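One-letter residues, chain by chain:
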Amino acid sequence: MDINDILFRTGENRDQWYQSIAPPVYQTSNFRFPGISAMREIIADEFSHHAYTRGNNPTVEVLRSKLAALEHTEQSLVFSSGAAAIAAALLSVLGSGDHLVCVARPYGWTQKLIARWLTRFGVRHDFADLRDAGTLERYLQPDTKAVYLESPNSITFEMQDLEAISAICRARGITTLIDNSYASPIYCNPADHGIDLVIHSATKYLNGHSDVVAGVVCGSEARIRRIFDQEYMILGAVISPYEAALILRGLRTLPLRMERSDQTARLLAARLEDHPAVRQVIHPGLPSFPQYALAQRQLRGTGGLFSICLDTDDPAVCEAFADKLNRFAMAASWGGYESLVMPMCAFHTPGSQPGPSAYPVNLVRIYAGLEDADWLWEDLEQALSVIPVQSTR
Ligand SMILES: *Cc1c(COP(=O)(O)O)cnc(C)c1O
């Protein structure tokens, strides 16, 4: 379906809404049953009817139909956070005793869900470097039920070949899941490469205005119905109609915002790569990116996220750089209108050895928002001036 149809028409039943252009916010918890026989029919299949807003709500359904269409899947469910969406999707395919392969260095709370929480229920796991798809075979066990991907991840951007991995998994009946938050549906549709469940933190690009926390799982009707009947209704981490309406508003400009952030990030990354105070730029759209060929094949664009390594190993200099920025806000998250930095030196404690999973102290994750690129560059340039340029370069 054409993206214009999806963004401006899909799911919008204006005939039922007094022809209102913006979808109404059905701020209601429950729905009246017109009579006993209707009630009997509705409660037997809440997935297809309106009974209670923890299940279906018309405003949330408009959003669900757009998100499913954007990801080229049959159905979707929207959750109260990306973390809730990830947990529900994984729980829907795993049981006690099952084994899961997860890509190395996934989103932090995904890592904790798998390593700290699912283990309490007997779910075993391996974290695997899957930059080479063939590596996956070495991790698969007879009771491996799921392979969880993030391509690229949101800090160092390692990618996986989705086509190759889904082929391996499909042949063995293993469910594939991916966190597609980095690319958004604008730049990658993993379902087209055979991935079964596609997850987003809608907090990031999909809403895009830094005022809602939400998540989405997209997949086939059968898989999504299964999640609806179990994790969605049982755990109840659903989104409110009002927040669904905010995300609908955000979606109207999704392609525009992606394009703007993409262009700005590319420009900043290219300039940073030439700057003597920057040792390395990690950006999947740069020819220097180790998996550049795969990125070119699998991503239609790269959006606003990338990382740099400052040309220093001195934590104090890294801190001085971060503190000197003032147009970039120092903050977690990304995908909104505002440009951000996440300096990894903040995760290092002065005087103590960094843990094995710590990112390098000089790594700074940058998110380019919607501001003017030159205005942002001025800020980076003045902050980089705190780094003594090494004469050997
Ligand atoms: C933010 C984020 C999440 C978690 O989403 P929330 O909406 O914060 O729960 C998951 N994956 C990635 C890659 C993220 O950046």
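In what follows, the structure referred to is the one given above.
Throughout what follows, the structure given in this document is the object of discussion. (Residues numbered from 1 in each chain as written. Predicted model: local features only at pLDDT ≥ 70, side-chain atom pairs only at ≥ 80, totals over all residues. Heavy atoms only, no water.)

The biggest cluster of nonpolar side chains holds 63 residues, and the ones touching the most others in it are Leu136, Val147 and Leu251. Of the residues forming this core, the biggest block, six residues, is contributed by helix α3 (residues 58-70). If we skip the residues at most four places from it in the chain, valine 147 touches Leu100, Val101, Leu136, Leu140, Ile165, Cys169, Ile174, Thr175, Thr176 and Leu177. Counting residues in each nonpolar core, the second largest holds 31 residues, with Ala89, Val93, Ile199 and Ile227 among its members. (Core = buried A, V, L, I, M, F, W, Y, C linked by side-chain atoms within 4.5 Å. Buried < 20%, exposed > 50% of the residue type's maximum accessible area, 1.4 Å probe, protein only. Helix = DSSP H or I, 4+ residues; strand = E, 2+ residues; numbered from the N terminus. Contact = heavy atoms within 4.5 Å.)

A few words now on the side chain of aspartate 196. Assignment of secondary structure puts aspartate 196 in the loop between α8 (184-187) and β6 (197-201). Note on aspartate 196: relative accessible area 13%, which makes it buried. Of note is the side chain of aspartate 196, whose polar atom sits 2.6 Å from the side chain of arginine 170. Of the polar contacts made by the side chain of aspartate 196, one reaches the backbone nitrogen of threonine 176; its length is 3.0 Å. (Polar contact = N/O pair within 3.5 Å; in protein donor to acceptor, adjacent residues only side chain to side chain.)

Right, let's talk about the sheet that holds strand β2 (residues 99-103) for a bit. What the seven strands build is an open sheet, ordered β1-β7-β6-β5-β4-β2-β3; its pairing is mixed. Unpaired on one side and paired on the other, β1 (75-79) and β3 (124-128) mark the two borders of the sheet. Direction aside, the axes of adjacent strands within the sheet are offset by 20° on average. Note that strand β4 (residues 144-150) and strand β5 (residues 175-179) share five bridges and pair parallel. Considered in β5, the bridge of alanine 146 is made with threonine 175. Here helix α9 (residues 221-235) sits on the sheet in contact with β1, β5, β6 and β7 (215-219), set at roughly 30° to β1. (Pairing = 2+ DSSP bridges. Axes fitted to C-alpha atoms, helices over the stretch in contact; angles between N-to-C directions.)

Okay, the site of the ligand next. Taken together, 13 residues are adjacent to the ligand, and Gly82, Ala83, Asp179, Thr203 and Lys204 come closest. Take aspartate 179: an N or O atom from its side chain is 2.6 Å from a nitrogen atom of the ligand. With the chains in place, 90% of the 380 Å² that the ligand exposes on its own is no longer accessible. With respect to the pocket detection grid, the ligand is positioned in the largest pocket. In terms of residue count, helix α4 (residues 82-93) provides more of the shell around the ligand than any other element does, three residues in total. Residues belonging to the shell around the ligand are distributed by class as follows: six nonpolar, five polar and two charged. (Near = heavy atom within 4 Å. Areas by Shrake-Rupley, 256 points an atom, 1.4 Å probe, with all protein chains shown as cover. 1 Å grid on protein atoms, 1.4 Å probe; cavity = no way out; pocket = protein on both sides within 12 Å on 5 of 7 lines; lining within 4 Å. Sits in = over half its atoms within 2 Å of the grid points. Nonpolar A, V, L, I, M, F, W, Y, C, P; charged D, E, K, R; others polar.)

Following the sequence through the fold, arginine 271 ends up in helix α11 (residues 254-273). Excluding residues that lie within four positions of it along the chain, arginine 271 makes contacts with Asp374 and Trp377.

Here we come to the state of the cysteines. Simply put, disulfide is the name for a covalent bond between the sulfur atoms of two cysteines. On inspection of all chains with the given rule, the structure shows zero disulfides. This cysteine, cysteine 309, is not joined by any disulfide, and cysteine 318 carries the nearest cysteine sulfur, 9.3 Å off. Given a relative accessible area of 9%, cysteine 309 falls into the buried group. Cysteine 345 takes part in no disulfide bond, and the closest cysteine sulfur to it belongs to cysteine 318, at a distance of 5.4 Å. With a relative accessible area of 5%, cysteine 345 lands in the buried category. (Disulfide = S-S within 2.5 Å.)

This part takes up a nonpolar patch on the surface. Nonpolar side chains collect at one region of the surface, where Ile36, Met39 and Ile43 lie side by side and expose about 280 Å² of accessible area between them. Relative to the assigned elements, isoleucine 43 resides in helix α2 (residues 36-44). (Patch = residues over 30% accessible without salt bridge, like charges linked within 9 Å, V, L, I, M, F, W, Y side chains within 5 Å. Salt bridge = Lys/Arg side-chain N within 4 Å of Asp/Glu carboxyl O.)

With that settled, consider the side chain of serine 76. Position of serine 76 relative to the elements: it lies in strand β1. Sequence-distant contacts of serine 76, that is, excluding residues within four places in its chain, are made with Arg64, Leu67, Ala68, Val216, Val217, Cys218 and Ile224.

Turning our eyes to something else, we now look at unusual backbone geometry. Omega for the bond connecting serine 151 with proline 152 falls within 30 degrees of zero, at -10°, which places this linkage in the cis form. For proline 152, the position within the fold is in the loop between β4 and α7 (162-171). The backbone of arginine 105 shows a phi angle near 55°, a positive value even though the residue is not glycine. The exposure class assigned to arginine 105 is partly exposed, which follows from its relative accessible area of 34%.

Right, let's talk about α7 for a bit. Leu162, Ile165, Ser166, Ile168 and Cys169 are the residues of α7 that are buried. Buried residues of α7, viewed axially, fall in a sector of 160°; they line one side. The exposed set on the far side of α7, more than 90 degrees from its buried face, consists of Arg170 and Ala171. Looking at the packing, one finds that the buried side of α7 touches α6 (136-139), β4, β5 and α12 (292-298). Where α7 begins, the capping side chain belongs to aspartate 161, and its oxygen is found 3.2 Å from the backbone nitrogen of glutamate 163. Trailing α7 by a residue or two, glycine 173 shows a phi angle of about 70°, which is positive. (Arc of directions from axis to C-beta.)

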